[in-house]
Amino acid sequence: MGVLNSLQVDLGARSYPIEIGQGLLDGLGDGLKPLLKGRQMAVLTTETVAPLYLERAQASLTAAGFDVTPIILPDGETSKSWQALNQVFDVLIGARFERSSTVVALGGGVIGDLSGFAAASLLRGVNFVQVPTTLLSQVDSSVGGKTGINHPLGKNLIGAFYQPKKVTIDIDTLRTLPRRELLAGLAEVIKYGIIWDAELFARLERDLDAFLALEPTVVAEVIHRCCAIKAEVVSADEREAGQRALLNLGHTFGHAIENLAGYGEILHGEAVAIGMVMAADLSHWLKLCPGNDVARIRELVERAGLPLHAPKHAVEAYMDAMSRDKKVEAGVMRFVLMRGIGSAMISSDVDAAVTRQVIEAYAVA
Ligand SMILES: NC(=O)c1ccc[n+]([C@@H]2O[C@H](COP(=O)([O-])OP(=O)(O)OC[C@H]3O[C@@H](n4cnc5c(N)ncnc54)[C@H](O)[C@@H]3O)[C@@H](O)[C@H]2O)c1
Ligand SMILES: O=C(O)C(=O)C[C@@H](O)[C@H](O)[C@H](O)COP(=O)(O)O
Ligand SMILES: [Zn+2]
């Protein structure tokens, strides 16, 4: 029990700690007290997470002297919307939030992205804390400060870069996570192996069963490695002027898949899994990535129980959705491609005809 691993995201005055461990929800309040001046706090969470973890989190925060207002939102991607954001603002403004007040995100990436954007915008910025409870949010969305909401025309098109004051990762919360959500989070874990760390990829190939059985040492080590990679990338390029875009592997295809499926039908991690396999194949067709690495990626994604194919829509519908990707520059799409497992690159030199061929091959489900 307690903190198993910790690390720091180095961003000068906006640096912050990440703690990974077991039973950390019970120490949440004591851990935040030294970091926050104000005592006023809102805890944003979902209808599913509230009955599981809100009482414990709230008890710990209250015992540490925080005055907590809970805000419970519907589950799912639809909460990354203007309506949900306005609902949150109504409560926070009604409760007379001040600049020293704090928004705590207790939940998955949806709650994290929405809460972070609310914290960034209210009074031009109040304190923000991440308490991620899904695998995806523990390895990815709680770190790095991308916050925002969706637009009907595209994922995350409205938002801000806004860093939390702290990230507290209690791996025990994964025990209640539905298996489909656990697997969706695994897609972003596999992503780190592909873009950055061949050893992590090989470990996933080896330890997949132990990880999915939630063996605590394996889970804590893998989450720590993912957070360390993200911290390194974000510290060097907070606002995605360069290498941060590598974290977007599979997302150009993936976000288009989510958009065309109607947000929520296909989970973000599932869309990223399909998108990564498409990006691997695209890299192979462009003679960048050896076929053997594409095969290993496809095999791991398949063994992890993640989908390999996207829903069938017109190729031009995919191209249109992809054209709104945030990596587009001067109207030209930029893709994250791979040279092989552990090494990725960004390229604007991708023939649209080849991209269409890849879509045709994969958008068949
Ligand atoms: N900001 C970033 O850097 C970043 C990175 C990756 C993904 N994202 C975003 O994150 C979102 C996806 O996040 P997600 O995969 O966490 O999904 P999610 O937030 O929708 O959570 C999945 C479901 O699990 C429930 N849940 C959460 N914790 C639980 C627990 N411990 N036990 C039982 N149920 C639990 C939630 O209520 C929800 O119904 C997408 O919107 C994606 O765009 C953002
Ligand atoms: O942190 C990043 O940078 C990422 O790209 C992480 C992604 O996993 C995440 O889905 C992110 O929200 C996508 O960002 P976007 O800028 O493409 O919306
Ligand atoms: Zn993602």
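Residues numbered from 1 in each chain as written. Chains lettered and ligands numbered in written order. Predicted model: local features only at pLDDT ≥ 70, side-chain atom pairs only at ≥ 80, totals over all residues.

Per an unreviewed UniProt entry, the chain goes by 3-dehydroquinate synthase and derives from Magnetofaba australis IT-1. Its UniProt record gives the chain a comment under Pathway (unreviewed entry), which states: "Metabolic intermediate biosynthesis; chorismate biosynthesis; chorismate from D-erythrose 4-phosphate and phosphoenolpyruvate: step 2/7." (UniProt positions renumbered as here; feature names shortened; annotations may be inferred.)

Novice: It is not clear to me how the overall build of the chain should be interpreted in this structure. Could you clarify?
Specialist: Check the secondary structure of the chain and you find 13 helices and 11 strands. Against the compact-globule benchmark of 21 Å for 365 residues, the chain has a radius of gyration of 20 Å, which places it among compact chains. With respect to the principal axes defined by its C-alpha atoms, the chain has extents near 60 × 40 × 35 Å. The contacts in the chain between residues at least 6 apart in sequence include a share of 74% that link residues at least 24 apart. (Helix = DSSP H or I, 4+ residues; strand = E, 2+ residues; numbered from the N terminus. Rg over C-alpha atoms; globule rule 2.2 N^0.38 Å. Contact = placed C-beta atoms within 7 Å.)

Novice: Looking at this model, I keep getting lost on the confidence of the model for the chain. Mind explaining?
Specialist: Taken residue by residue, the chain gives an average pLDDT of 97. The fraction at 70 or more is 100%. No element of the chain has a lower mean pLDDT than strand 1 (residues 2-9), at 96, and none a higher one than strand 6 (residues 127-132), at 99. Taken together, the chains of this predicted complex give a pTM of 0.98 and an interface ipTM of 0.99. (pLDDT = per-residue confidence, 0-100.)

Novice: Teacher, can you tell me more about the site of ligand 1 here?
Specialist: The environment of ligand 1 is made up of 31 residues, and the closest members are Asp-75, Gly-108, Gly-109, Thr-134 and Ser-141. Class assignment of the residues belonging to the shell around ligand 1 gives a composition of seven nonpolar, 16 polar and eight charged. (Near = placed C-beta within 6 Å. Nonpolar A, V, L, I, M, F, W, Y, C, P; charged D, E, K, R; others polar.)

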